Amino acid sequence: MILGLSAGFHDAGATLVNNDGDILFAGHAERYSGIKNDANLNAALLEDACSYGVPTSVAWYENHWRKRTRQIYSGEWRKALDFSTTPQALCSKHNLRAPITSYGHHRCHAAAGFQTSPFERCKVLVVDAIGEWDTVSVWDAWYDDDGYAQYKKIWSQRYPHSIGLYYSAVTHYVGLKPMEDEYILMGMAAYGKGYLTAYEENLKLWSDDRNIKLVDNLHTGIDEEWFSGTGLNEYDIAAGAQKVVEKLLIQLVQRWCGYDENLVFMGGVALNCVANSQMRFYCNDLWIMPNPGDCGSSLGAAALQYGKKLNWQGPYLGHDMGNEYPIDELLGELQTNKIVGVATGRAEFGPRALGTRSLLADPRGNDIKDKVNEIKRRQKFRPFAPMVLEEHASRYFDMHREINPYMQGTYKCLAPELFPAIVHADNTSRVQTVGRNDHPGVRELLEKWYVLTDCPILLNTSLNIKGEPMVNNRADADRFEQRYGIKVCS
Ligand SMILES: [Fe+2]
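It should be emphasised that the depicted structure is a prediction, and the values quoted were computed from it without experimental measurement. (Residues numbered from 1 in each chain as written. Predicted model: local features only at pLDDT ≥ 70, side-chain atom pairs only at ≥ 80, totals over all residues. Heavy atoms only, no water.)

Undergrad: Can you tell me about the pairing of strand β17 (residues 385-389), naming the residues and giving the values?
TA: With five of five residues buried, β17 lies mostly within the body of the structure. The alternating pattern of β17 places A385, M387 and L389 and P386 and V388 on opposite faces, both of which are buried. Across three bridges, the pairing between β17 and strand β20 (residues 432-434) is parallel. Among the inter-strand pairings, L389 is bridged to a residue of β20, identified as V434. (Buried < 20%, exposed > 50% of the residue type's maximum accessible area, 1.4 Å probe, protein only. Helix = DSSP H or I, 4+ residues; strand = E, 2+ residues; numbered from the N terminus. Pairing = 2+ DSSP bridges.)

Undergrad: Talk me through a negative patch on the surface; I want residue IDs and the actual numbers.
TA: On the surface, D216, D223, E224 and E225 cluster together into a patch of negative charge. Within the element layout of this structure, D223 appears in the loop between β10 (213-214) and α10 (234-256). (Patch = residues over 30% accessible without salt bridge, like charges linked within 9 Å, V, L, I, M, F, W, Y side chains within 5 Å. Areas by Shrake-Rupley, 256 points an atom, 1.4 Å probe, with all protein chains shown as cover. Salt bridge = Lys/Arg side-chain N within 4 Å of Asp/Glu carboxyl O. Lys, Arg positive; Asp, Glu negative; His and termini not counted. Charge placed at Lys NZ, Arg CZ, Asp CG, Glu CD.)

Undergrad: Mind laying out the coordination of the iron ion, listing which residues take part and the relevant values?
TA: The coordination sphere of the iron ion contains the protein donors H105 (NE2), H109 (NE2), D128 (OD) and D294 (OD), at a distance range of 2.1 to 2.3 Å. Seen from the iron ion, its four donor atoms lie at angles of 83 to 172°, and the figure they make is irregular. (Donors = N, O, S within 2.8 Å, 3.2 Å for Na, K, Ca; no water. Tetrahedral: all angles 85-135°; square planar, octahedral: opposite > 155°, others 65-115°.)

Undergrad: Report on the sheet that holds strand β6 (residues 121-127), specifying residues and quantitative values.
TA: Overall, mixed pairing links the five strands, which are arranged β8-β7-β6-β11-β12 in an open sheet. Of all the strands in the sheet, just β8 (149-158) and β12 (285-287) have a single pairing partner and so form its edges. Taken pair by pair, the neighbouring strands of this sheet meet at an average axis angle of 20°, ignoring direction. Where strand β11 (residues 262-266) lies against β12, three bridges are found, and the strand directions are parallel. Across the sheet, residue L263 finds its bridge partner in β12, namely L286. (Axes fitted to C-alpha atoms, helices over the stretch in contact; angles between N-to-C directions.)

Undergrad: Explain the state of the cysteines to me, and be specific about the residues and the numbers.
TA: Taken as a whole and assessed by the stated rule, the structure comprises zero disulfides. Summary of cysteine pairing: C50 is not part of a disulfide, and the nearest cysteine sulfur, belonging to C91, is at 10 Å. Free cysteine C122: the closest other cysteine sulfur is in C257, separated by 8.3 Å. (Disulfide = S-S within 2.5 Å.)

Undergrad: How would you explain the pattern of salt bridges if you had to name every residue and give the values?
TA: As enumerated under the stated definition, the model contains 25 salt bridges in all. Salt-bridge contacts for D362 lead to K338; the nearest nitrogen and oxygen are separated by 3.8 Å. Residue D362 is found in the loop between β16 (357-361) and α14 (368-376), and its partner K338 is found in the loop between α13 (327-337) and β14 (339-343); the two are separated by 24 residues along the sequence. Judged by its relative accessible area of 3%, D362 is buried. Owing to a relative accessible area of 36%, K338 belongs among the partly exposed residues under this scheme.

Undergrad: Mind laying out the environment of Y143, listing which residues take part and the relevant values?
TA: Relative to the helices and strands, Y143 is located in strand β7 (residues 134-143). Residues in contact with Y143, not counting those within four places in the same chain, are F114, Q115, F119, E120, Y148, A149, K308 and K309. (Contact = heavy atoms within 4.5 Å.)

Undergrad: Just give me the short version of the sheet that holds β16, but keep the residues and values in it.
TA: Pairing is mixed in the open sheet, where six strands are placed in the order β20-β17-β21-β16-β14-β22. Each edge of the open sheet carries a strand with a single partner, namely β20 and β22 (488-489). Pairing of β14 with β22, which is carried by two bridges, proceeds in the parallel orientation. Following the sheet pairing, G341 is matched in β22 by V488. Seen against the sheet, α14 touches β14, β16 and β21 (457-462) and runs at an angle of roughly 150° to β16.

Undergrad: Quick one: what's the story with the side chain of T453, residue by residue and with numbers?
TA: As for its position among the elements, T453 is in helix α16 (residues 440-453). In terms of polar contacts, T453 uses its side chain to reach the backbone carbonyl oxygen of W449, at 2.6 Å. Of note is the side chain of T453, whose polar atom sits 3.1 Å from the backbone nitrogen of C455. (Polar contact = N/O pair within 3.5 Å; in protein donor to acceptor, adjacent residues only side chain to side chain.)

Here you go:
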């Protein structure tokens, strides 16, 4: 029984894998502590993970000594010399006595992707902000004759040259919180005008975009004068940065992955669903594990320790509320009140609510976006995501054979006037397709909703109180109900 752990950055996580390669548990620390993006492991998370089996080994998601050399280089002396954060110290603090093996940061990202993917051989692209030294790495990955995953690193770029750090620096520049609000920057990009100037001014931050080299170390931010005098506002700057990131990623795919090859894309930058949508045109097939960031590397570390392909059954791997999916109750609330919460079964592993910790709404009409926004209290320009019966997706979105069960790409909406709440300023939607092999409760809900309304779509956003992580258990759901007066079905 292998316990994979990641901690010490933001959004710590734990994954338990058994000796048959089954993923018994994978969860986020934040859901148990109530602290959004909690960097620290906690007893409740580990207790939940270990309720599925007693770990006989611990797999750690990075080489902390290598990371400390980078921290010394980048001037983070206090972190580098804080030995209370070694894997040994942290495991000891939580009474984890099993032997610990550490694996490289990008190798863990790669393994979390490849060993959950449907591929037997592929290229793996890992792009994140900052871990040990690597910030971009490209791998050949395959299984040997005995079924063991093999990884050969074929190219990499190192700190401080980093696509993730660049995007975080722009996030900070426009007044948002770096390492947290990057998804808001991505949403702002659709409102940017002055696209060409913004793109060119952003590109000037790169001295060699083919080899991912920045003109300067952006770890502490972009010079506040950088965009002054250009006439660009924060939306334009966001649009330029987004286009630059898309260009860099597409160049990497074109350089290292053939059109006929399969690609696994991992690292925090793989959460950029607008860029993902572009990348899929430059490879045969694209797989992104639904938790591609550092929390997901708890699964990657466990995968490396296990060695072979994991039995990936979907992202519902977190805390188990143990209830049947409350389909009839949800349908009643949707027809009466248009909005309802659902918290049932196992929580999603990853940042997207995919139907078991979700706020659902009837997506039709002009007023629903404002109503949901009253609850979510987020920027009005940000749309919500749709979940749609897979076989109806191409009627409403510019999708052909694509499926997008984990909300990892955006697609043009073909009927934006019917569904303004789920369409962004550029007429795209971050679609969750729900097929017959996806979550059976979510699937049946959508099927019955379609029979009742002739609409195969529901609005789906995460069930959380503003500023807090997603609801994890019934007590969280009760607090949500009390705060907002919206029923949460379990
Ligand atoms: Fe990372």
